[in-house]
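# Chains, contacts and geometry: an overview
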Amino acid sequence: MDESIRVIYVQTDRDKYTLARFHGMDEMRERMAAEHRVRIGRNVDIGREALIADGVTIGDNTVIEREATIENDARIGRNVRIGRDAFIDKASRIGDGTTIGEKTEIGRGVTVGDIVRIAAECVVHDRVNIGWSSQLGEKSKIREESVLGHHTVVGREAHLGRMVQTAPGTTVGSHRSVLSFSRIAGTDRNLYQDKDLVKHYARTDWAASMGGERKLPEAPRVQETPEQSVSRGFRL
């Protein structure tokens, strides 16, 4: 097969996709922009049978390996590498220079900062924020609405519960499990659990089970000094 021929899945309806053939990246760039609101930068390489949904933006010099999936309105930065069979859900943002390992799943509405390394087979649930220059070890899992400060390191097969918050520079060891609503500063030996949030979710879960409305509090944010804060790009 001619290596200039590109074959990827494109969206034909709300939840329907079909294989499309393009004669090189230039044709793909033009047709995807016109027909699917997809913006593809320069020197981008998209592997065979990747799935690119409507409204996606892909920055310059990015590589999306074969069979990866980029869902609607996701934004992929420059110099990013998305591994084979990885999944990026709707409205997520991946910062410049970031690497996503193969078979890793990124949930809906996730923000990943610049120069982040996420290893293979990780699971990052919806609405998680990962600060710049952080690292996630292989098969680690981050539950919904957690916030990782910049330079956070999460070890191999570590599991962070829901709405966990880490201060910048925190290290969570391999195979460690961190309870939901915990706050960590420095290492996973220095943490506490927010009992007020635990009680809040216990009440709202009960209300939801009785048919009532479940009201979620805002996700916690890492508190930083002005010197620590970085506003460029996707950095947190």
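What you see is a predicted model; the values in this text were computed from it and never measured.

### Topic: helix 1 (residues 24–36)
- Over its 13 residues, helix 1 extends 17 Å from the first C-alpha to the last, a length consistent with the 18 Å expected when each residue adds 1.5 Å.
- Among the residues of helix 1, Gly24, Met25, Met28, Arg29, Met32 and His36 are the ones counted as buried. All buried residues of helix 1 lie within an arc of 165° about the axis, which places them on one face of the element. Exposed residues on helix 1 whose side chains face more than 90 degrees from its buried face are Glu30 and Ala34.

### Points about a negative patch on the surface
- Taken together, the side chains of Asp85, Glu102, Glu105 and Glu121 present a region of like negative charge at the surface.
- For Glu102, the location among the structural elements is in the loop between strand 13 (99–100) and strand 14 (105–106).

### Focus: the pattern of salt bridges
- Within the structure shown, the criterion is met by 15 salt bridges.
- When the shortest N-O distance is used, the salt bridge between Asp73 and Arg37 registers 3.9 Å. Here Arg37 lies in the loop between helix 1 and strand 3 (39–40) and Asp73 lies in the loop between strand 8 (69–70) and strand 9 (75–76), a separation of 36 residues in the sequence.
- With relative accessibility at 54%, the residue Arg37 sits in the exposed group.
- Close ionic contact of Glu145 with Arg162 constitutes a salt bridge, the shortest N to O distance being 3.9 Å. Pair noted here: Glu145 is in the loop between strand 20 (141–142) and strand 21 (147–148) and Arg162 is in the loop between strand 23 (159–160) and strand 24 (165–166), with a separation of 17 residues, a long-range link. Residues Glu145 and Arg162 agree in their burial class; the two are buried.
- Salt bridges sharing common partners tie together Glu27, Arg31 and Glu35.

Definitions and cut-offs
- Residues numbered from 1 in each chain as written.
- Predicted model: local features only at pLDDT ≥ 70, side-chain atom pairs only at ≥ 80, totals over all residues.
- Heavy atoms only, no water.
- Helix = DSSP H or I, 4+ residues; strand = E, 2+ residues; numbered from the N terminus.
- Expected span 1.5 Å × (residues − 1).
- Buried < 20%, exposed > 50% of the residue type's maximum accessible area, 1.4 Å probe, protein only.
- Arc of directions from axis to C-beta.
- Patch = residues over 30% accessible without salt bridge, like charges linked within 9 Å, V, L, I, M, F, W, Y side chains within 5 Å.
- Areas by Shrake-Rupley, 256 points an atom, 1.4 Å probe, with all protein chains shown as cover.
- Salt bridge = Lys/Arg side-chain N within 4 Å of Asp/Glu carboxyl O.
- Lys, Arg positive; Asp, Glu negative; His and termini not counted.
- Charge placed at Lys NZ, Arg CZ, Asp CG, Glu CD.

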